[in-house]
Each structure stands twice: as structure tokens, then as C-alpha cells.
Amino acid sequence: MDKVLVKINDIIWGAPMILLILGIGLILTVGCRFIQLKKLPLALKFMVQDEEDGKGDVSSFQALCTALSATIGTGNIVGVATAIVAGGPGALFWLELAGLLGMATKYAEGLLAVKYRSFDTDEKALGGPFYYIEKGLGKKWRPLGKAFALFGILAGLLGIGTLTQINGITSAAETFFDPDKNHSLQLFGNNYSWAVIISGLLVTICVAGVLIGGVKRIAKVSEIIVPAMIVLYVSLCLWLIILNADKLPGVIILIFRSAFGFEAAAGGALGAMMIAMQKGIARGIFSNESGLGSAPIAAAAARTKEPVRQGLVSMTGTFIDTIIVCNMTGMAIILTDAWKIGKDGAAVTIYAFSQALPISEAVVSFLLMICLMFFAFTTILGWNYYSERCLAYLFNTNKFANPFKVLYVAAVFIGPYLTVSAVWTLADICNGLMAFPNIIALIFLSPVVVNETRQFFGTKKAATPLLAPELSLDEE
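Residues numbered from 1 in each chain as written. Predicted model: local features only at pLDDT ≥ 70, side-chain atom pairs only at ≥ 80, totals over all residues. Heavy atoms only, no water.

**Overview of the overall build of the protein**
Move 1: Assigned secondary structure in the protein consists of 20 helices and four strands.
Move 2: The C-alpha radius of gyration of the protein comes to 21 Å, within 12% of the 23 Å expected for a compact globule of 476 residues.
Move 3: Counting across all 476 residues of the protein, residues that qualify as buried make up 60%.
Move 4: Of the contacts formed within the protein by residues at least 6 apart in sequence, a portion of 82% connects residues at least 24 apart.
Move 5: Split by element, the accessible area of the protein, about 18,400 Å² in all, is 66% carbon and sulfur.
Move 6: Both charge centroids of the protein, one from 35 positive and one from 32 negative side chains, sit 6 Å from each other. (Helix = DSSP H or I, 4+ residues; strand = E, 2+ residues; numbered from the N terminus. Rg over C-alpha atoms; globule rule 2.2 N^0.38 Å. Buried < 20%, exposed > 50% of the residue type's maximum accessible area, 1.4 Å probe, protein only. Contact = heavy atoms within 4.5 Å. Areas by Shrake-Rupley, 256 points an atom, 1.4 Å probe, with all protein chains shown as cover. Lys, Arg positive; Asp, Glu negative; His and termini not counted. Charge placed at Lys NZ, Arg CZ, Asp CG, Glu CD.)

Structure representation (C-alpha cells):
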């Protein structure tokens, strides 16, 4: 089964997908004149500043935290490790490039989510790729929106939303509490540590408890947990990097050489480069979700009346997730040569920190386990909301929300008992299927993004070309 999944994944995440993901990011970057660089300070300001008289379900910061809760998860700790182990240090270069271009993509997604959103009879916001596909491209494109909704449900149930997250949580718990499986139980034909069974059960119960409260409870939980965990994790990473600062020049050279296959054996440079690209970009998209179309579902719920403003706030999500958190993890792993130890997943990151920090391995393992658990827990919560919105659009009703919650919690419950390789491969497949409809929509709606950007920043002429090279963002 694993071999079949790997073949499907290789097809989906082949050259066409890589070109699409990077291509739309490049189109939007050029079209909006490098907005992710020029307007990042303004975006960070909007991130913590509520908009007056905005209409929506939650504040812009809560919407961002909901999106970050779904974004910052095992991909930042486990995913980066698996990318570097499989693709070499060069995978980090491609992961970061995908993140930089992905900031423009995430900006466009947030903008379009607010521009084309609707409100139901209870004044609850309805938005996301399926709405900007149908309302932006026209009703004849509705099947594309339905396809996105279907793939979004699958991604939540079988991939990024549940299985990978709970698998990462229980693996970290096992690594800390029972690494040698001294206390295990026979289940489903395999031996599982009690640490896996108990942690999986506790997380399942906690998820069920929070999901009852809907998006507002998810947002409240996320705005407390997410910033605290980011500060803790980034502080640990910075400490490690400072202690190994003398190795930084050599590591940066290694990353670039590996990214373009120069570290490979003779004749294998192109193949090594393609593997680094595939693993780096796939894990980058898994982590920051730029191009997937998931974050716009949360952005649509923000209390705002200005699409560009929310686009800027959404853009900061990819900056925090990839440019900061993923980069920190990658540098820690490469600085300590943890990617060479023959392990995978959370064990690689834990090894890196335990070898480099002047504290006991037990303390390091505990701190990383806490970070990973809370990152993954909030991701599970955020993706339930995404999946429910996809379900409501697919069937044009909310009556399946409660049965879906039961199914979602069940997926969380069984996640710890699946193999790590199968779980991550399945997640990549679901992500790729979800990304295709969204990227098609972004390509066709890119002139809308450019026009909205032009109008917000005070320029006069409307932009019609796809790249709109004359666009200026020099004025606030």
C-alpha cells in the first residue's frame, strides 16, 4: 500500500505541481510589486490592530490565529525534519523559497476570501476558495469549487488535519515517556506504547470538547496557545543557533550547494536537485498552506470591510510559519547534523536540540513535546473548521456538521496507529489535490488581486494585464 501511495504522490507532486505553486506565487509577487517585502511592516501592524466597524465573526487577529492554529503544526517540527532527511539540506532552500513566494499567494487568498464572501441568515460569514471560484469566475465554474470542497474534506479527515497531527503528538509522547517501549500493549496486530495510547486518547477527548463550541471557541483557544508556543519554540531555536553561530557560514553554503545538486555524486546533480525541490516545496506547502486554499476560509470570518487589509494580515501567517519557524527548525537540524543520524520525524529535531543545548535531553524532549503537542492540537482544531465549511458548501447545508464532528474525532482517535510514512504520503496527496482547483482560480483572478491592491494604495489606473507591471505600491 505504501508503494502505491508513493507513486500517486510522485505524480501529483511532480514538475507540473511545483511549477504551478511557484508560478502563481511569482505571478502575484511581480503583479503586486513584491508586496510581501514592501508591505510586511504594514501587515504586521494590521495583524494586531482591529479594524473599526468591520463585519465578521472574529477579529482579524483571531482569524489569523485560527489560520495559524491550522498552519503551525507538525509540519514545522516533523515536516521540516522529514524534508531535510529525504532531500538533504538543500530542501530547506526550496522550502523557504516556496514560503517567500507563498506570502504573495496567501495575500491574494485572504483578499479574495473577504471580497467574495457572503453572510447567512444568522450573519455568519461564508467564504473561501469555493466562494471566490463561484462568484469570481462565474457559476459555470461551480464544479471546480465543489472539487475543492471535496478535496478539503479529505485533507481534513485523512491528511493534514488529523492523522499527521495526532501521529506527531503520540510519537513525541512515546519518545519522551517510553522510547524503548518498555510498557506496551498489543493492538491491531502491533505493539503500541502506553504513552501512545494514553496521549492519543487524551487529545481525542480534548478535541471533542473544544469542537462543540465552533469557530469562536477555536479562535479563543488559538489566540492564547499559538503566540505562547511560537515564542517558546523560537526562543529555543535562537538559543541553539547562537550557541552554534560559528558554523553558520558553512551551513549556509551547504544549503545552497545541496539545493542545486552540487553535493551529489557525479552524474546525480539533477536528480538530487529535483528531490530537494520536491521534498522542500511539498513540506513547505504542507506547513504554510499557501496555495492550498485553507487559510482563506478562516480569513473570510474576520471582522473587516477591506479585502486588501485582510490579505496583508493573512500574509503574515506564512511569514511567521515558514520564514521564521520552519527556518529555525531547519537551521537547528543542519547545524547539528541531526539529519544524518538515521532517524526520522520528531526524533531528528529532538536529537538536534538535545545535542546542542546545555540542558538535559529529558528537559529538551519535554519542551519540544509540549510545543509539538500544542502546535498539532491547534492544527486539528483549525482543520475541523475548514473541513466543516467545505462540507457545508459541498452539500449546501449545515445539517451534517455534527455527524462530521463525530467522524473527525474518530479520525483523530485512529491516527496514532497508522505508520508515519503512510500518513505523511497520504497528507501530501490530499494537499496536492486540494491545491489544484485553488491555484487555477488564483491564476484567473490575479488581475482582480492587482486591481484591489492598486485601489487600496491610492493609484488611479485600473490594472488589466495578468502581471500588471506598472503597479506601484509606493504610496500608503
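**What to know about a positive patch on the surface**
Move 1: Taken together, the side chains of Lys124, Lys216, Arg217, Lys220 and Arg303 present a region of like positive charge at the surface.
Move 2: Residue placement: Arg303 occurs in the loop between helix H15 (295-299) and helix H16 (307-335). (Patch = residues over 30% accessible without salt bridge, like charges linked within 9 Å, V, L, I, M, F, W, Y side chains within 5 Å. Salt bridge = Lys/Arg side-chain N within 4 Å of Asp/Glu carboxyl O.)

**Quick notes on the pairing of strand E4 (residues 190-193)**
Move 1: As paired elements, strand E3 (residues 184-187) and E4 share four bridges and run antiparallel to each other. Within E4, the position partnered with Gln186 by the bridge is Asn191.
Move 2: Counted between consecutive antiparallel strands, the loop separating E3 from E4 contains two residues, among which Phe188 sits at a positive phi close to 55 degrees. (Pairing = 2+ DSSP bridges.)

**Quick word on the packing of helix H8 (residues 129-137) against helix H18 (residues 361-395)**
Move 1: Direction vectors running N to C along H8 and H18 enclose 35 degrees, while the axes themselves pass 10 Å from each other. Two secondary-structure elements touch here, H8 through Phe130, Tyr131 and Glu134 and H18 through Arg389, Cys390 and Tyr393.
Move 2: Of the residues contributing to the contact of H8 with H18, the split by class is four nonpolar, no polar and two charged. (Axes fitted to C-alpha atoms, helices over the stretch in contact; angles between N-to-C directions. Nonpolar A, V, L, I, M, F, W, Y, C, P; charged D, E, K, R; others polar.)

**Notes on the environment of Asn327**
Move 1: Assignment of secondary structure puts Asn327 in helix H16.
Move 2: Between the C-alpha atom of Asn327 and that of Glu96, which follows or precedes it by 231 residues, the distance is 7.1 Å.
Move 3: Residues in contact with Asn327, not counting those within four places in the same chain, are Leu92, Glu96 and Thr322.

**Considerations on the packing of aromatic side chains**
Move 1: The full count for this structure, using the stated rule, is 20 aromatic pairs.
Move 2: Aromatic rings pair up to connect Phe93, Trp94, Phe256 and Phe260 into one cluster.
Move 3: The ring of Phe46 carries the charged tip of Arg309 above its face, separated from the ring centre by 4.3 Å. (Phe/Tyr/Trp six-rings, centres within 6.5 Å; stacked < 30°, edge-to-face > 60°. Lys NZ or Arg CZ within 6 Å of the ring centre and 35° of its normal.)

**Points about helix H1 (residues 2-12)**
For an α-helix, 3.6 residues make a turn, and residues three or four places apart therefore share a direction.
Move 1: All of the buried residues in H1 are Leu5, Asn9 and Ile12. Each buried residue of H1 lies within a common arc of 60 degrees when the element is viewed along its axis, so the set occupies one face. Opposite the buried face of H1, at more than 90 degrees from it, the exposed residues are Lys3, Lys7 and Ile11. (Arc of directions from axis to C-beta.)

**Observations regarding the side chain of Gln36**
Move 1: Here Gln36 is to be found in helix H3 (residues 35-38).
Move 2: Residue Gln36 is classed as buried on the basis of its relative accessible area, which comes to 1%.
Move 3: Within the structure, the side chain of Gln36 is placed 2.9 Å from the side chain of Thr29, a separation counted as a polar contact.
Move 4: Looking at Gln36, its side chain comes within polar contact range of the main-chain oxygen of Leu100, at 3.0 Å.
Move 5: Not counting the four nearest positions on each side in its chain, Gln36 is found in contact with Thr29, Leu100, Leu101, Met103, Ala104 and Met315. (Polar contact = N/O pair within 3.5 Å; in protein donor to acceptor, adjacent residues only side chain to side chain.)

**Observations concerning a nonpolar patch on the surface**
Move 1: Nonpolar side chains collect at one region of the surface, where Leu185, Trp194, Ile198 and Leu202 lie side by side and expose about 360 Å² of accessible area between them.
Move 2: For the nonpolar patch, the leading source of residues is helix H11 (residues 194-211), giving three residues.
Move 3: What makes Trp194 partly exposed here is its relative accessible area of 39%.

**Here's the deal with the packing of helix H10 (residues 163-177) against H11**
Move 1: Between H10 and H11, whose axes approach to 8 Å, the crossing angle comes to 135 degrees. The angle between the axes of H10 and H11 places the two elements in the oblique class. When you trace H10 past H11, the crossing you get is right-handed. Facing H10, whose interface residues are Ile166, Ile169, Thr170, Ala173, Glu174 and Phe177, H11 presents Ala195, Val196, Ser199, Gly200 and Val203. (Parallel < 35°, antiparallel > 145°, perpendicular 65-115°, else oblique. Left-handed = near helix turned anticlockwise from the far one by under 90°.)

**Focus: unusual backbone geometry**
Trans is the common state for peptide bonds, and a negative phi is the common state for residues other than glycine.
Move 1: In the Ramachandran plot, Arg33 falls in the positive-phi region, its phi being about 55 degrees despite a non-glycine side chain.
Move 2: Summarising the element assignment, Arg33 is placed in the loop between helix H2 (15-31) and H3.
Move 3: On the basis of relative accessibility, which here comes to 31%, the residue Arg33 falls in the partly exposed class.
Move 4: The backbone phi angle of Asn396 is positive, close to 55 degrees, even though this residue is not glycine.

**Some thoughts on the environment of Gly152**
Move 1: Structurally, Gly152 can be placed in helix H9 (residues 142-158).
Move 2: On the basis of relative accessibility, which here comes to 0%, the residue Gly152 falls in the buried class.
Move 3: The spacing of Gly152 and Thr304 is 152 residues in sequence and 25 Å in space, taken between C-alpha atoms.
Move 4: Discounting chain neighbours no more than four positions away, the residues touching Gly152 are Trp383, Ser387, Cys390 and Met434.

**As for H10**
Move 1: Along its 15 residues, H10 runs 21 Å from first to last C-alpha, staying within 8% of the 21 Å computed at 1.5 Å per residue.
Move 2: The buried fraction of H10 is high, at 11 of 15 residues.
Move 3: By the burial criterion, the buried members of H10 are Leu163, Thr164, Gln165, Ile166, Asn167, Gly168, Ile169, Thr170, Ala172, Ala173 and Glu174. (Expected span 1.5 Å × (residues − 1).)

**Considerations on the nonpolar core**
General note: in soluble globular proteins, nonpolar side chains tend to be found buried as a group.
Move 1: Judged by nonpolar contacts, the single largest core of 145 residues is most densely connected at Tyr107, Leu112, Tyr233, Ile281, Leu312 and Phe353.
Move 2: At 17 residues, H18 tops the list of elements feeding residues into this core.
Move 3: Ignoring any residue separated from it by four or fewer positions in sequence, one finds Leu112 in contact with Tyr132, Leu442, Leu445, Val448 and Val449. (Core = buried A, V, L, I, M, F, W, Y, C linked by side-chain atoms within 4.5 Å.)

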